[in-house]
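Residues per chain, in single letters:
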Amino acid sequence: MGTPEEARVRLPQLRLDELLEELQARLDAARGTRDRVHSLLEAVLSVGRELELEQALRSIVQAAAVLVDAEYAALGVIGPDGRRLSEFLTVGVTEEQIARIGPYPEGHGILGELIRHPEPLRLAKLSEHAASYGVPAHHPPMDTFLGVPIRVRDQIFGNLYLTEKRGGAQFDEEDESVLSTLAVAAGVAIDNARLYEESRLRERWLRASAEITHSLMSGSGRGEVLALIAERAREITGAALAVVAVPMADTDSLTLTVELAIGHEAEAHRGLVLSPDGSLIGEAFSRAAPVSSPDIACDERVSSGPPRFTGLGPAVAVPIGSGDGVRGVVLLVREAGRTVFSEKENEPLQGFAAQAAVAMELAERRSDEERIAVLQDRDRIARDLHDLAIQRLFATGMTLQSAGRFIEHEEAARRVLRAVDDLDETIKIIRSTIFGLRSRDEGAGPGLRARAVRVVGEAAPVLGFAPSVRMEGLLDTHVPKETADHVVAVLSEALTNAARHAKAGRVEVVLETDGRTVRLEVSDDGVGLPAGGRRSGLRNMAERAEQLGGALETSGPPGGGTTLVWRVPVTER
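The text that follows walks through the structure, step by step, so that each part is easy to find. Predicted model only: the values in this text are computed from it and were never measured. Note on numbering: residues in each chain are counted from 1, in written sequence order. Predicted model: local features are reported for residues with pLDDT of at least 70 only, side-chain atom pairs are reported and counted for 80 or more only, and whole-chain, interface and lining totals are derived from all residues. Side-chain figures throughout are based on the complete set of non-hydrogen atoms in the structure, without hydrogens or water.

1. Brief notes about the sheet that holds strand 4 (residues 145–152)
Selection rule: Should DSSP find at least two bridges between two strands, the strands are regarded as paired. By the criteria applied, helices consist of DSSP H or I runs no shorter than four residues and strands consist of E runs no shorter than two, each listed in order from the N terminus. Interaxial angle, 0 to 180 degrees, is taken between N-to-C directions of lines fitted to C-alpha atoms, where a helix line uses only the stretch in contact. Should any heavy atoms of two residues lie within 4.5 Å, those residues are considered in contact.
Strands sit in the order 2-1-5-4-3 across an open sheet of 5 strands; the sheet is antiparallel. Looking at strand neighbours, the two that pair on one side only are strand 2 (85–91) and strand 3 (121–123), the edges of this open sheet. Looking at each pair of strands side by side, their axes are set apart by 15 degrees on average, direction ignored. With 7 bridges joining them, strand 1 (residues 70–78) and strand 5 (residues 155–165) adopt antiparallel strand pairing. Bridge pairing in strand 5 places Leu75 opposite Leu160. Across the sheet, helix 2 (residues 53–67) is in contact with strand 1, strand 2, strand 4 and strand 5; its angle to strand 2 comes to roughly 50 degrees. Seen against the sheet, helix 5 (residues 173–217) touches strand 3, strand 4 and strand 5 and runs at an angle of roughly 30 degrees to strand 4.

2. Description of a negative patch on the surface
Test applied: Residues enter patches when their relative accessible area tops 30% and they take part in no salt bridge; the joining distance is 9 Å for like charges and 5 Å for the nonpolar side chains Val, Leu, Ile, Met, Phe, Trp and Tyr. Only the protein chains shown count as cover for residues, and the accessible areas themselves come from Shrake-Rupley with a 1.4 Å probe. Basic side-chain nitrogens of Lys or Arg form a salt bridge, by our definition, when they fall within 4 Å of a carboxyl oxygen of Asp or Glu. Neither His nor the chain ends is counted toward charge; the positive residues are Lys and Arg and the negative residues Asp and Glu. To locate a charge, the coordinates of NZ of Lys, CZ of Arg, CG of Asp or CD of Glu are taken.
Residues Asp421, Asp422, Asp424 and Glu425 make up a contiguous surface patch of negative charge. Within the secondary structure, Asp421 sits in helix 9 (residues 410–438).

3. Points about the packing of aromatic side chains
Definition in use: Each Phe, Tyr or Trp ring (for Trp, its six-membered ring) is paired with any other whose centre lies within 6.5 Å, and the angle between the two planes then decides the class: stacked below 30 degrees, edge-to-face above 60, tilted in between. The criterion for a charge sitting over a ring is simple: Lys NZ or Arg CZ within 6 Å of the ring centre, and within 35 degrees of the ring normal.
Counted by the stated rule, this structure contains 2 aromatic pairs. Judged by centre distance (6.4 Å) and plane angle (35 degrees), the ring pair of Phe145 and Tyr161 falls under tilted. Pair noted here: Phe145 is in strand 4 and Tyr161 is in strand 5, with a separation of 16 residues, a long-range link. Taken together, the ring pairs connect Phe88, Phe145 and Tyr161 into an aromatic cluster. The ring of Phe341 carries Arg334 above its face, with NZ or CZ at 4.0 Å from the centroid.

4. Describing the packing of helix 5 against helix 6 (residues 222–237)
Put simply, the rule is: Under this scheme an angle from 65 to 115 degrees is roughly perpendicular, one under 35 degrees roughly parallel, and one over 145 degrees roughly antiparallel; angles in between are oblique.
Where helix 5 meets helix 6, the closest approach of the two axes is 10 Å, and the angle between their N-to-C directions is 170 degrees. Considered as vectors, helix 5 and helix 6 are oriented roughly antiparallel to each other. The segment helix 5 lies against helix 6, with Leu201, Arg204, Trp205, Ala208, Glu211, Ile212, Ser215 and Leu216 engaging Val225, Leu228, Ile229, Arg232, Ala233, Glu235, Ile236 and Thr237.

5. A closer look at the nonpolar core
Under the convention used in this document: What is meant by a nonpolar core is a set of buried Ala, Val, Leu, Ile, Met, Phe, Trp, Tyr and Cys residues, joined one to another through side-chain atoms within 4.5 Å. Each residue is placed in one exposure class: buried if its accessible area under a 1.4 Å probe, protein chains only, is under 20% of its type's maximum, exposed if it is over 50%, and partly exposed if it falls in between.
In terms of nonpolar packing, the biggest core is built from 38 residues, with Met471, Leu491, Leu495, Val507, Leu511 and Trp566 touching the most fellow members. Listing elements by their share of this core, those giving two or more residues are helix 10 (448–463), strand 12 (468–472), helix 12 (481–502), strand 13 (507–513), strand 14 (517–524), helix 13 (536–547) and strand 16 (562–569). The next biggest cluster of nonpolar side chains, apart from the first, holds 29 residues, and it includes Val61, Val77, Leu182 and Ala186.

Below is the structure:
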């Protein structure tokens, strides 16, 4: 043992060592706090620099994982309904693990707890919480948990979820404070990114509007302008399919037909005939207001027929025009799994669709002007023929007739009289031509399209449902009236047979022409053609086709039902 003096010397030395160690610990803690604050500031600056919303969200979740030293991090964006997650970004989980786990979570279990109660939540043992359930197979084991909400202005945008603090430690109050601070900065960054996206979207709509205006002023045709409008609307909204439907002319009741379709399986939509009742496009037309669908593939308002929206989801139908001046409907459809069309998107869409109404109005005015010019030209030609040609021919005939009395040669006299008769016949022909030129075609009656729609409409009550109809080509122009009469008769007979004998739940009608032939196809999912049954109706249809140099074909698809194809030429044989 040492002396009392030596003990007194050692005691201050021990206290000094303790003080130095405590000072060093405090310096280390201060340095750690400084480094963490520095990291937080760097994260805030990094997040604030991002203007692209998707990149901003990814930066937020990456910064959160680094700041609290978490192995796994995720950011869940709350959907429009306020109860489910519409987007989910992760850090720490590989693509292979995500593929094994399956679909991203929708906001049940512990993730839904933060949606229902948007307050910071810190857990030492995740599995012990009452809301912890529904963890899918192949999910990485997770114990410690820290979650904080992200607010954008006065609304909850989403939540940050952090799990598995590295080193086996627990998330503490400081972690919660740091993450809550990052969440505030994230809210500002998200708001800025949204405003930036909105401004860019407005710029794209304005640029597209200027392009449409230029196209209109340069005299582009109605179809060309409508196609441009549909294509730009599809591009700007990120839609996979754009469809434009317009009312059919010369029909007894309001009927819409798809004039053009661009994008995903567009061919299946072109020429479709739609009823304004019970269809998504028809509802938008009748209400003169946008009509949305979260999933058009499962929407009851989609007309019957073969599947046309496979792989597609959110949709919106926007009227072209407003009030009583609706001239058609633009339908935009996104791929399945994409976000639904929001009110903010519908507003510029309505304005853009209004330009389509202007395009159609201008095209109709140009068409009217051209028609008036043609009629005026016909009147001028008819007047000139009557006032000049016929009078000259008549005078020439009178001269020849009077001169014939002075001709003594018998053969010469006969020839002069024959010439007079020819002139008289020519005058009759010209007068007939004048009558045709002055005719306004007012008694021409409805075209083949309108007549076919009327026949299908009359068959619907007998069938118990409305058949699906698709028409393509210049049916009213290329198909002569006599052939059109046969087409209508065959269509009526085919639908009557389907109603009486097929016991079908679905009938599809396709009527098309390429300028050389007209083709009518009627198919159903009924019992098929009975062996040895009465075939008088089919025989009548076949005879009509043979009279016109065509043919009738019938078949029974493997899945059941009957397909009838009636095809005849429309050009001179």
